[in-house]
Amino acid sequence: MNDTTNCNASEILIVRHLKTDYLSKAGRLDIHCTDAYGNQFDIELQMTNEHNVAQRAKYYHALMTNHMLTAGEDYQSLKETYVIFLCPFNPLATEQQ
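No experiment lies behind these values; they were computed from the predicted model shown.

**Examining the overall build of the protein**
What the protein contains, in helices and strands, is one helix and four strands. Going from N to C terminus, the protein has its helices and strands arranged as β-β-β-α-β. Burial statistics for the protein: of 97 residues in total, 26% are counted as buried. A total of about 7200 Å² of accessible surface is found on the protein, and carbon and sulfur atoms cover 52% of it.

In structure tokens form, the structure reads like this:
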């Protein structure tokens, strides 16, 4: 049985590296999925609390969006992006523990 049978994804990549140019910081997406409508999902397994989940989510959204359009393509073609963190800690906690 294929693991993608129940997720309705058109593409699933385990560990995908995204880079916008040679000067930018590369992003490493743990699990990157694209559904049949072109919406993109990034699932991150974050085991240690580095107190930067919000900033990382913003960066991963930007990386996925940056790779959606080709030159001359209309901005209306942009699809939804979702970043999901799986953590053994509360990433929204305001106090460092």
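**Regarding the side chain of D35**
Structurally, D35 can be placed in strand β2 (residues 27–35). Buried and without a salt bridge, D35 has K79 as its closest oppositely charged side chain, separated by 8.0 Å.

**Notes on the nonpolar core**
Counting nine residues, the largest nonpolar core consists of L29, V53, A57, Y60, L63, M64, V83, F85 and F89. Among the secondary structure elements, those contributing two or more residues to this core are α1 (53–66) and β4 (81–86). At five residues, α1 tops the list of elements feeding residues into this core.

**Regarding the confidence of the model for the protein**
Mean pLDDT over the protein: 78, with 67% of residues reaching 70 or higher. Mean pLDDT per element in the protein: strand β1 (residues 9–18) is the minimum at 57, and β4 is the maximum at 94. Note on residues 1–6: pLDDT is under 50 here. Beyond four places in sequence and across chains, it has two contacts.

**Examining a nonpolar patch on the surface**
A surface patch of nonpolar side chains, amounting to about 360 Å² of accessible area, comprises L45, Y82, I84 and L86. Here the nonpolar patch takes three residues from β4, the largest share from any one element. Counting through the fold element by element, I84 comes out in strand β4.

**So, the pattern of salt bridges**
Inspection of every chain in the model, using the stated rule, returns one salt bridge. Between R56 and E50 there is a salt bridge, and its shortest N-O distance comes to 3.7 Å. Judged by relative accessible area, which is 45%, E50 ranks as partly exposed.

**Notes on the packing of aromatic side chains**
On inspection of all chains with the given rule, the structure shows two aromatic pairs. Ring centres of F41 and Y82 lie 5.0 Å apart, and the angle between their planes is 15°; this geometry places the pair in the stacked category. On the criterion of sequence distance, the pair formed by F41 in strand β3 (residues 40–45) and Y82 in strand β4 is long-range, its members being 41 residues apart. For F41, a relative accessible area of 23% gives the class partly exposed. For Y82, a relative accessible area of 37% gives the class partly exposed.

Rules used throughout
Residues numbered from 1 in each chain as written. Predicted model: local features only at pLDDT ≥ 70, side-chain atom pairs only at ≥ 80, totals over all residues. Heavy atoms only, no water. Helix = DSSP H or I, 4+ residues; strand = E, 2+ residues; numbered from the N terminus. Buried < 20%, exposed > 50% of the residue type's maximum accessible area, 1.4 Å probe, protein only. Areas by Shrake-Rupley, 256 points an atom, 1.4 Å probe, with all protein chains shown as cover. Lys, Arg positive; Asp, Glu negative; His and termini not counted. Salt bridge = Lys/Arg side-chain N within 4 Å of Asp/Glu carboxyl O. Core = buried A, V, L, I, M, F, W, Y, C linked by side-chain atoms within 4.5 Å. pLDDT = per-residue confidence, 0-100. Contact = heavy atoms within 4.5 Å. Patch = residues over 30% accessible without salt bridge, like charges linked within 9 Å, V, L, I, M, F, W, Y side chains within 5 Å. Phe/Tyr/Trp six-rings, centres within 6.5 Å; stacked < 30°, edge-to-face > 60°.

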